[in-house]
Amino acid sequence: MVMFAVTTPERPPAVTLSVTSVTTTPGGYLVSFRAANAGGETAAGLQVSGELRQGETLIETSDMTIDYLPQRSERRGGLFFSANPADHQLSLRAHGYSEP
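My aim in this report is to walk through the structure given alongside it, one point at a time. These figures come from a predicted structure and were not determined experimentally.

Considerations on the side chain of E60
Mapped onto the secondary structure, E60 falls in strand 4 (residues 57-69). Although E60 lies buried, it forms no salt bridge, and the closest oppositely charged side chain, R53, sits 12 Å away as judged by the N-O distance. Within the structure, the side chain of E60 is placed 2.8 Å from the backbone nitrogen of S82, a separation counted as a polar contact. Not counting chain neighbours up to four residues away, the residues in contact with E60 comprise G50, E51, L52, F80, F81, S82 and A83.

What follows is the structure in structure tokens.
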């Protein structure tokens, strides 16, 4: 284990986001997603946003923060929208993080 830590270079967080479901709620729609970190470092305060677009027109955005996403792990989260994501192009993006 010590040899692995000494010989393996630090790799920054490598975050991927994927939609797991879209659910109708009383206030609109919930887009549930999975955030996976395949990198070698933890991402704290990971900022995630979602956008709904119709062509080049931005319809709506939603933002949230994942408190802690350790290396080689995953967390689940959700973004709320008032517009139906099925009627638009949905994209998810990780914006930034801090080192714990």
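Some remarks on the environment of G28
Relative to the helices and strands, G28 is located in strand 2 (residues 28-37). For the pair G28 and P85, spaced 57 residues apart in sequence, the C-alpha to C-alpha distance is 9.8 Å. Those residues in contact with G28 that lie beyond four places of it in its chain are T23, F81 and S82.

Things to note about the nonpolar core
V31, F33, A35, A43, L46, V48, L52, I66, L69, L79, F81 and A83 form the largest nonpolar core, which has 12 residues in total. Put simply, the parts of the chain that give this core at least two residues each are strand 2, strand 3 (43-54), strand 4 and strand 5 (73-81). Per-element accounting of this core gives the leading share, 4 residues, to strand 3. The contacts of A43, once residues within four sequence positions are left out, are P13, N37, D67, Y68, L69, Y97 and S98.

Some words on the sheet that holds strand 3
If you walk across this open sheet you meet the 3 strands as 4-3-6, and the pairing is antiparallel. Strand pairing shows two members of the sheet lacking a second neighbour, strand 4 and strand 6 (89-98), which therefore form its edges. Pairwise comparison of adjacent strand axes, ignoring direction, gives a mean angle of 20° for this sheet. Examined bridge by bridge, strand 3 and strand 4 share 11 bridges and lie antiparallel to one another.

What about the environment of M64?
Residue position: M64 is located in strand 4. Overall, the relative accessible area of 21% leaves M64 in the partly exposed class. Expressed as a C-alpha distance, the spacing of M64 and G45, which sit 19 residues apart in the sequence, is 9.5 Å. Those residues in contact with M64 that lie beyond four places of it in its chain are F33, L46, Q47, V48, G77, G78 and L79.

Cut-offs used in this document
Here the residue index of a chain counts from 1 through its sequence in written order. Restriction of local features to residues with pLDDT of at least 70 applies here, the model being predicted, together with a cutoff of 80 or more for giving and counting side-chain atom pairs; totals for whole chains, interfaces and linings are based on all residues. Excluding hydrogens and water, the side-chain figures rest on all heavy atoms present in the structure. Under the scheme used here, helices are H or I runs from DSSP no shorter than 4 residues and strands are E runs no shorter than 2 residues, and both carry numbers assigned from the N terminus. Relative accessibility decides the category of a residue: with a 1.4 Å probe and only protein chains considered, values under 20% of the type maximum give buried, values over 50% give exposed, and everything between is partly exposed. Here the positive residues are Lys and Arg and the negative ones are Asp and Glu; neither His nor the chain ends is included. Take a side-chain nitrogen of Lys or Arg and a carboxyl oxygen of Asp or Glu: if they are within 4 Å of each other, that pair is a salt bridge. What qualifies as a polar contact is a pair of N or O atoms within 3.5 Å, subject to a donor-acceptor requirement within protein and to the restriction that residues adjacent in sequence count only when both atoms come from side chains. Contacts: residue pairs with any heavy atoms within 4.5 Å of one another. Here, nonpolar core refers to any group of buried Ala, Val, Leu, Ile, Met, Phe, Trp, Tyr and Cys residues whose side-chain atoms link them within 4.5 Å. Strand pairing requires that DSSP identify at least two bridges connecting the strands. The convention used is that axes are lines fitted to C-alpha atoms, helices contributing only their stretch in contact, and that angles between N-to-C directions extend from 0 to 180 degrees.

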